[in-house]
Amino acid sequence: MKIEDKLFLDRFKVDEESHLKIIDSQKCMKDCPEQPCLYLCPANVYRLEQDHISVNYEGRFPRGGYGISHKFG
Amino acid sequence: MKESFDVAIVGAGPAGISAACILADSGVKAIVLERGEYPGAKNMSGGVLYGHNLAQILPDYTERNCPIERNIVESRIWYLSKEGGYSIGYRDNIFTTDRKYNAFTVGRAKFDRWFAEQASKKGALIVPSTTVVDLLRDDKGSVIGVVTSREDGEVRAKVTLLANGINSPLAASTSYRAEPKPEEVALAVKEAVELPTELIEQRFGVSSGDGVTIEILGEITGGMDGVAVIYTNRDTLSLSIGANLADLAASKLKPYELIESFKQHPMVAPLIAEGQPREYIAHWLPEGGYDAMPNLYGDGYLIAGDSAMLFNALHREGNNLAMASGKMAAEAIIEALNKGDCSRNGLAGYGERLAESFVIKDMKKYRNFGRFRYQHKEIYNQLPRLASFAAREMLTVNGIGKKQKQKLIMQEIRSKTSLFKLIRLLWRGWRSVK
């Protein structure tokens, strides 16, 4: 079962504004070699694009942010 | 909402609602603020509760139609390699008679909602869809209420009880608790798989309404410090797997891939065959133990439940530590209100109650258990492999004598580890939980 299908099981009530924000994109690309947000997020919200990490907002859980990634950097 | 209360409770989970019930019983004016659109909306569904702790809050919980999924009559432990594994279990008839509802499964979304309704019937005010974004403090730094996300959202209270779980943006922004370090939390994902009620009872060999829990260790967590569980609910099975966050970050294994391979394990797949996945949820578990606990109370506030890192990983006890600490917090608050002293001093009854109870005693007993598991990854890779190898060889009938087989097994064990290391591991493991 793919993660997209798993998330489809959950009832979504998407807020108008994302609670997940990347404050400093440069930091993700330069100061965080491991980029654990790409692996740890159970909803696979963070995707690596060419020059930044994007937040795939509607894919996330409707239950609080896992604002953890910066701690690994 | 510029109103004032005796007590403001942040979070309508087991800790917050337990406190609200006890406070309302004594006629204390309490408000419970919940960020989910209803209590339980943000909780991981499917968990085990204990009748003893619930009865301390609501002695008549069965008459109040507590939404129990299944009464647990058997607990199993599995130790798995990739290909197979060991299973031991214990079932006792006493859990269907004299000690019925010693342990039972609930869906947290349903249970929390019901639990909050009981508090509300007793007179507590429950306000969902309301996020607490800050704490109000006087010029001396004492907490005198909270700021919510609503317009004019200040709520003044003589005491504030922080019962808002481990993953708390409020804790991060106000630092009433240090942000947990990656190795102090586990990240777990859970899936609910729907099956016909009778099929669940057939597959687990239980009578109608009875259920089984399975706790699982071994190679399923990909060499990471972690655990998986299977809980039986009325018409779903809760499958959950989690691992230490620092291990997950280092391994680059994705949580949802972990649960997919767990579901395909030969011991798991037949139990969920033909089932329909219904829910997928993720949650943090506070596994830092005794040494990661914050100051549990201060001037004008207390912390209870997951938020206070009260969690017993070995005995899967989080909900009941939350309930017990919520109850003790409420009792200490009542004491403080009667004395008219809501300072750290006035609330000290909370610390005393916790210290005398099983809550802190258990936290101390297992304070080194987390570190032991984290430092001995062989529990999750090498040992289950060797254990499976031994059983597989002994059980295979192929014309080789048993003595010869024993020799082969010992050779394999010695080539991978040593007897000394095994004994040392057992010794350290024992020491960490004794």
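Scoring rules and cut-offs
- Within each chain, residues carry numbers counting from 1 in the order of the written sequence.
- Each chain is given a letter, starting from A, and each ligand a number, starting from 1, according to the order in which they appear as written.
- Local features in this predicted model are restricted to residues of pLDDT 70 or higher, and side-chain atom pairs are both shown and tallied only at a pLDDT of 80 or more, whereas totals for entire chains, interfaces and linings draw on every residue.
- The helix and strand labels rest on DSSP assignments: H or I over at least four residues marks a helix, E over at least two residues marks a strand, and numbering proceeds from the N terminus.
- Counting other C-beta atoms within 10 Å of its own, a residue is labelled buried from 20 upward, exposed at 12 or fewer, and partly exposed in the gap between, with every C-beta atom placed from the backbone.
- Contact between residues is assigned whenever the C-beta positions, reconstructed from backbone atoms, fall within 7 Å.
- Annotation comment: domain bounds sourced from an automatic or database domain assignment.
- Three classes are used, and their members are as follows: Ala, Val, Leu, Ile, Met, Phe, Trp, Tyr, Cys and Pro are nonpolar, Asp, Glu, Lys and Arg are charged, and the others, Gly among them, are polar.
- pLDDT expresses how confident the predictor is about each individual residue, on a scale running from 0 to 100.
- When DSSP finds two or more bridges between two strands, those strands count as paired.
- Working convention: axes come from line fits to C-alpha atoms, limited for helices to the stretch in contact. Angles between N-to-C directions cover 0 to 180 degrees.
- Rotating anticlockwise by less than a right angle from the far helix to the near helix defines a left-handed crossing, while the corresponding clockwise rotation defines a right-handed one.
- By definition, a nonpolar core groups buried Ala, Val, Leu, Ile, Met, Phe, Trp, Tyr and Cys residues that connect through C-beta atoms lying within 7 Å of each other.
- We call two directions roughly parallel when the angle between them is under 35 degrees, roughly antiparallel when it is over 145, roughly perpendicular when it lies between 65 and 115, and oblique otherwise.

K.L.:
Lay out the overall build of chain B with the relevant residues and their values.
P.N.:
Looking only at helices and strands, chain B features 15 helices and 17 strands. For the C-alpha atoms alone, the extent of chain B along its principal axes is close to 80 × 45 × 40 Å. The burial tally for chain B puts 49% of its 434 residues in the buried class.

K.L.:
Can you explain the overall build of chain A? Please cite residues and give values.
P.N.:
When its secondary structure is counted, chain A shows 3 helices and 2 strands. Listing each helix as α and each strand as β along chain A from the N terminus yields α-α-α-β-β. Counting across all 73 residues of chain A, residues that qualify as buried make up 22%. Sequence-distant contacts in chain A: of pairs separated by 6 or more residues, those separated by 24 or more amount to 56%.

K.L.:
Can you break down the domain arrangement of chain B residue by residue, with the values?
P.N.:
Residues and elements named next belong to chain B. You can read the domains of chain B as domain 1 (3-67 + 107-180 + 289-356), domain 2 (183-286) and domain 3 (370-433). For domain 2 and domain 3, the distance between their C-alpha centres works out to 25 Å. With 9 residues of domain 2 in contact, the opposing surface of domain 3 contributes 8 residues. Grouping the amino acids of the side of domain 2 that touches domain 3 by side-chain chemistry returns 2 nonpolar, 4 polar and 3 charged.

K.L.:
Any chance you could break down the confidence of the model for chain A for me, citing the residues and the numbers?
P.N.:
Residues at a pLDDT of 70 or more form 63% of chain A, whose mean pLDDT is 69. Every residue in residues 62-73 of chain A scores below 50 in pLDDT, and together they form 20 contacts with partners more than four places removed in sequence or on other chains.

K.L.:
Could you give an account of the pairing of strand β8 (residues 132-137) of chain B, with specific residues and numbers?
P.N.:
All names here are of chain B. When β8 meets strand β9 (residues 143-148), the two strands line up antiparallel, connected through 5 bridges. Considered in β9, the bridge of V132 is made with T148. Hairpin connection of β8 to β9: 5 residues between the antiparallel strands, including G141 at a positive phi of 95°.

K.L.:
Provide a residue-level description of the packing of helix α9 (residues 319-339) of chain B against helix α10 (residues 349-356) of chain B, including the pertinent values.
P.N.:
All names here are of chain B. At their nearest, the axes of α9 and α10 sit 8 Å apart, and the two run at 145° to each other. Between α9 and α10 lies a crossing whose hand is right-handed. Contacts from S325, M328, A329, E331, A332 and E335 of α9 reach α10 at G349, Y350, R353 and L354. Of the residues assigned to the contact of α9 with α10, the class counts are 5 nonpolar, 2 polar and 3 charged.

K.L.:
Residues and numbers for the nonpolar core, please.
P.N.:
All names here are of chain B. Core analysis: the largest hydrophobic core is formed by 131 residues, its most contacted members being I9 and L23. Looking at which element gives the most residues to this core, the answer is α9, with 11 residues. Every residue in contact with L23, bar those within four places of it in the chain, is listed here: V7, V28, A30, A124, A330, I333 and I334.

K.L.:
Which residues make up the packing of helix α13 (residues 382-395) of chain B against helix α14 (residues 402-416) of chain B, and what values go with them?
P.N.:
When two helices pack together, their arrangement is given by the angle between the helix axes and by the axis-to-axis distance. Residue and element names in this part refer to chain B. Interhelical geometry of α13 versus α14 gives an angle of 170° and a closest axis separation of 9 Å. Of the possible angle classes, the one that applies to α13 and α14 is roughly antiparallel. Two secondary-structure elements touch here, α13 through Q382, L386, F389, A390, E393 and M394 and α14 through K405, L408, I409, E412, I413 and K416. Among the residues making up the contact of α13 with α14, the classes are represented as 7 nonpolar, 1 polar and 4 charged.

K.L.:
Account for the pairing of β9 of chain B, naming residues and giving values.
P.N.:
Residues and elements named next belong to chain B. Burial of β9 is extensive: 5 of the 6 residues sit out of reach of the surface. Both β9 and strand β10 (residues 154-162) contribute to a ladder of 3 bridges, which runs antiparallel. Bridge pairing in β10 links V146 to V155. Count of turn residues in the β9/β10 antiparallel hairpin: 5 residues, of which D152 carries a positive phi of about 50°.

K.L.:
Got a sec to walk through unusual backbone geometry? Specific residues and values, please.
P.N.:
You will see that Q35 of chain A, though not glycine, has its phi angle at about 45°, which is positive. Looking at the element boundaries, Q35 of chain A is found in the loop between α2 (25-30) and α3 (37-40). Phi at N65 of chain B takes a positive value of approximately 60°, unusual for a residue other than glycine. The topology assignment puts N65 of chain B in the loop between α2 (51-57) and β4 (68-80).

K.L.:
Account for the environment of L425 of chain B, naming residues and giving values.
P.N.:
Locating L425 of chain B in the fold gives a position in helix α15 (residues 419-433). Taking the C-alpha atoms as reference points, L425 of chain B and H376 of chain B, 49 residues apart in sequence, are found 7.9 Å from one another.

K.L.:
Residues and numbers for the environment of G349 of chain B, please.
P.N.:
All names here are of chain B. Among the secondary structure elements, G349 is positioned in helix α10. A tally of 18 C-beta atoms within 10 Å means that G349 is categorised as partly exposed. Sequence spacing of G349 and I333 is 16 residues, and the spatial spacing of their C-alpha atoms is 8.2 Å. Among residues more than four places away in sequence, those in contact with G349 are E331, A332 and E335.

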